[in-house]
Amino acid sequence: MGSGERTGGAETFTGNRALMLEEPLIFEMEEEGGTGVDFAPAPKVQSRLGGLERNRPMNIPGLSEPQTVRHYTRLSRQNYAIDLGLFPLGSCTMKHNPRLNEKVARMPGFADIHPLQPVDTVQGALALIEMLGEWLIKLTGMHSVAMSPKAGAHGELCGLLAMRAALEARGDAREVILVPESAHGTNPATAAFAGYRVENIPANERGRVDIDALKARLGPDVAGVMITNPNTCGLFEPDMTEISKAVHEAGGLVYCDGANFNAIVGRVRPGDLGIDAMHINLHKTFSTPHGGGGPGSGPVVFSEALTPFAPLPFVEKQGDGYALIEEETAGEHHGRSFGRMTAFHGQMGMFTRAMSYILSHGADGLRQVSEDAVLNANYILRSLEDVLDAPFGASGPCMHEALFSDKGFAEGLTTLDLAKALIDEGYHPMTMYFPLVVHGAMLVEPTETESKATLDQFIGALRSVAERAKAGDQSLKAAPIHAPRRRLDETQAARKPILVYREPRQAEAAE
């Protein structure tokens, strides 16, 4: 591909397009003998490798320090980030992370401690963990909390293991977990990983759980239900208390996926809805940096019925100090714990950021967080429902995210084409083709941190692209045009990813 094709316009000598810089792979930048550091010659010593010495170059690129810095800086300019603009990924809650949280997380005593330090040297950290746990219990109306799970799916597994332990303790080992179609995709995966057989419960025409189908399936083999509320259609489940009551009467337990807790924090306490266990994504609800593989944290809150089976370790206030309750010190008062989820105590950096966020907002501020998140999502939904199909637009207000589909697009144009064109408008695309209950789904979550002016600009961009799709503008099939790279073959990228660099000669030979 020539530089003219790459830039989508007139060819330039460098391949650059103004400040959109063309950047080769770091292996392609190497200069003979290039290095950023001078080392003294290695002394000759007798090898102890027994014939396993390296007999060819390591193929590590040799670059000077300026070359290295410029390379990674140029690459960083090609990334989209929340610090650049609105990040509309639905179900991900990509919102601004206050820099105060970062400052607090880097304070001595939080950033430089070690999990194997003596407990009396980390009393401040344990106090923070205990304080955050108390806030999570109050915000959810639950009885106890396990702080150690590292992320959402890890928290789901924690909750299911506690549910299994509780059922087995009463001699009632059940085999089936019911998962509504409107639940997060991790829910059935987690249930299967925990050893359960998963059965789906359909959604009704309003995008909620079909409660009649759920009740009809309940029986002595059903261990419980995993329900996402608000669900992945961006809707609150109004029958949650009735669902919980029916599951409990059938001898099962109720797990709630709390990944969308930011839509109801300060407004609804899941404990009041009959929930037995729920994870909370600190890295979503309480603004910790999210994405790129981490970091994450997924504390799990439990009902009184499940508290005895919660995992170790946990922090307990004892007199004027704090103790870390481990297997050796659990004693009879926590002797039925199902075990532990991690080697240590959780994600300290995430705890610190979340606690900073909570204390900065206070109870009234957290309530406003959910109100603003819901307001922003409904503003997007109602501003675009005349040009984009909103499958559940008539089902009442949405919660934290607005759901659209590609119904009404001209023949041959799809959600993927709209998403690629949105890149040309300077936005990361929204979540596509999820939830599965909607064909050609587009899930948009603006979060509470975006202003009306920012939303209006995004709405204008999305409206423009949607109108082109409805009018049959075939140029959308070529989008993105202005990005550093044009549209990739995503099927090949998924099925035959190239993960190892080979010099051209080696690559040709391999083919």
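To be clear, the structure that these remarks concern was listed above.
Within each chain, residue numbers correspond to sequence positions counted from 1 in written order. Totals for whole chains, interfaces and linings use every residue, but because this is a predicted model, local features are given only for residues with pLDDT of at least 70 and side-chain atom pairs only at 80 or more, for both listing and counting. The side-chain values count all of the structure's non-hydrogen atoms but skip hydrogen atoms and water molecules.

Peer 1: So, the overall build of the protein: which residues are in play, and what are the values?
Peer 2: A tally of helices and strands in the protein yields 14 helices and 12 strands. Just to be clear, the radius of gyration here is over C-alpha atoms, and the globule rule we use is 2.2 Å times residues to the power 0.38. Computed over its C-alpha atoms, the radius of gyration of the protein comes to 26 Å, within 12% of the 24 Å expected for a compact globule of 511 residues. For the protein, the C-alpha atoms occupy an extent of roughly 75 × 70 × 45 Å along the three principal directions. For the protein, the proportion of its 511 residues judged to be buried stands at 47%. Taking the intrachain contacts of the protein between residues at least 6 apart in sequence as the baseline, contacts between residues at least 24 apart amount to 71%. Per element, the accessible surface of the protein, about 25,400 Å² overall, is 55% carbon and sulfur. A run of DSSP states H or I qualifies as a helix once it reaches four residues; a run of E qualifies as a strand once it reaches two. Both are numbered from the N-terminal end. For every residue, the accessible area (1.4 Å probe, protein chains only) is compared with the maximum for its type, and the residue is labelled buried under 20%, exposed over 50%, or partly exposed between those bounds. The contact criterion used throughout is that any non-hydrogen atoms of two residues lie within 4.5 Å. Under the convention used here, a 1.4 Å probe and the Shrake-Rupley method define accessible areas, while residue burial counts only the protein chains that appear.

Peer 1: Explain the sheet that holds strand β10 (residues 402–404) to me, using residue names and the numbers behind them.
Peer 2: In spatial order, the strands read β10-β12-β11; together these 3 strands make up an open sheet with antiparallel pairing. Here the strands that pair on one side only, and so sit at the sheet edges, are β10 and β11 (431–432). A pair of strands is treated as paired once DSSP finds two or more bridges between them. In this structure, β10 lies alongside strand β12 (residues 442–444), joined through 3 bridges in antiparallel fashion. Within the sheet, the bridge partner assigned to F404 lies in β12 and is M442.

Peer 1: So, the pattern of salt bridges: which residues are in play, and what are the values?
Peer 2: Salt bridges are identified by distance alone: a Lys or Arg side-chain nitrogen within 4 Å of an Asp or Glu carboxyl oxygen. All chains considered together, the criterion is met by 28 salt bridges. Across the pair E102 and R353 runs a salt bridge whose closest N-O atoms are separated by 2.8 Å. Of this pair, E102 sits in helix α3 (residues 99–105) while R353 sits in helix α10 (residues 348–384); the two residues are 251 residues apart in sequence, bridging distant segments of the chain. Each member of the pair, E102 as well as R353, is classed as buried. Here E326 and R340 are joined by a salt bridge, their closest N and O atoms 2.8 Å apart. Of this pair, E326 sits in the loop between β9 (321–325) and α10 while R340 sits in the loop between β9 and α10, and the two are 14 residues apart along the sequence. E326 sits in the buried class, given a relative accessible area of 16%. One salt-bridge network, held together by shared partners, links E175, R197, E199, R217 and D221.

Peer 1: Could you give me a rundown of the nonpolar core, with the residues and numbers involved?
Peer 2: Definition used in this section: a nonpolar core is a set of buried Ala, Val, Leu, Ile, Met, Phe, Trp, Tyr and Cys residues joined via side-chain atoms within 4.5 Å. L132, L136 and F286 are the most contacted members of the largest nonpolar core, which has 53 residues in total. Every element with two or more residues in this core is listed here: α4 (123–140), β2 (176–180), α7 (211–217), β4 (222–228), α8 (240–249), β5 (253–257), β9 and α10. Among all residues touching L132, those that are not within four sequence positions of it are M147, L282, F351, A354, M355 and I358. Judged by nonpolar contacts, the second largest core, of 31 residues, contains A390, I459, L462 and V465.

Peer 1: Describe in detail the side chain of N378, supporting the description with residues and values.
Peer 2: Inspection of the secondary structure puts N378 in helix α10. Residue N378 is classed as buried on the basis of its relative accessible area, which comes to 14%.

Peer 1: An account of the sheet that holds strand β7 (residues 300–302) is requested, with residue identities and associated values reported.
Peer 2: The 7 strands are arranged β1-β7-β6-β5-β4-β2-β3 in an open sheet whose pairing can be described as mixed. Two strands close off the open sheet at either side, each with one partner strand: β1 (144–146) and β3 (197–201). Neighbour-to-neighbour, the strand axes of this sheet turn through a mean angle of 25 degrees, independent of strand direction. Examined bridge by bridge, strand β6 (residues 277–279) and β7 share 3 bridges and lie antiparallel to one another. Angles here are taken between N-to-C directions and fall from 0 to 180 degrees, while the axes themselves are lines fitted to C-alpha atoms, restricted in helices to the stretch in contact.

Peer 1: Summarise the packing of aromatic side chains; cite the residues concerned and give the values.
Peer 2: Note on aromatic contacts: the rings of Phe and Tyr and the six-membered ring of Trp form a pair at centre separations within 6.5 Å, being stacked when their planes are under 30 degrees apart, edge-to-face when over 60 apart, and tilted otherwise. What the rule picks out here adds up to 4 aromatic pairs. Ring plane angle 5 degrees and centroid distance 4.5 Å describe the contact between F27 and Y501, whose orientation is recorded as stacked. Separated by 474 residues along the polypeptide, F27 in the loop between α1 (3–7) and α2 (65–76) and Y501 in the loop between α13 (490–495) and α14 (504–510) bring together distant segments of the chain. For the ring pair Y427 and F458, a centre distance of 5.1 Å and an interplane angle of 80 degrees mean the geometry is edge-to-face.

Peer 1: Could you give an account of the packing of α4 against α10, with specific residues and numbers?
Peer 2: One can describe the packing of α4 onto α10 by two numbers: an axis separation of 10 Å at closest approach and a directional angle of 45 degrees. Classified by the angle their axes make, α4 and α10 are oblique. In this structure, α4 crosses over α10, and the sense of that crossing is left-handed. In this structure, α4 contributes A125, L128, I129, M131, L132, W135 and L139 to the contact, and α10 contributes M348, F351, T352, A354, M355, I358, L359, A363 and L366. In the contact of α4 with α10, the residues fall into 15 nonpolar, 1 polar and no charged. Here the angle decides the label: under 35 degrees means roughly parallel, over 145 means roughly antiparallel, 65 to 115 means roughly perpendicular, and every other value means oblique. For any helix crossing, the convention is left-handed if the near helix is rotated counterclockwise from the far helix by under a right angle, and right-handed if that rotation is clockwise. Throughout this entry, Asp, Glu, Lys and Arg are counted as charged residues, while Ala, Val, Leu, Ile, Met, Phe, Trp, Tyr, Cys and Pro are counted as nonpolar. The remaining residues, Gly among them, count as polar.

Peer 1: Account for the pairing of β2, with residues named and values stated.
Peer 2: A large share of β2 lies buried, amounting to 5 of its 5 residues. Alternating positions in β2 separate into two faces, V176, L178 and P180 on one and I177 and V179 on the other, with burial throughout. Relative to β3, β2 is paired through 5 bridges, and the arrangement is parallel. Each bridged residue has a counterpart across the sheet, and for V179 the counterpart in β3 is N200. For the handedness criterion, the strands are oriented away from the viewer, and a crossover whose path from the first strand over the helix to the second runs clockwise is classed as right-handed. Each parallel crossover has a hand, and for β2 linked through helix α6 (residues 186–193) to β3 it is right-handed. Pairing analysis gives 3 bridges linking β2 to β4, with the strands arranged parallel. Counterpart to V176 in the pairing with β4 is V222.

These results come straight from atomic positions and should not be treated as a statement about function.
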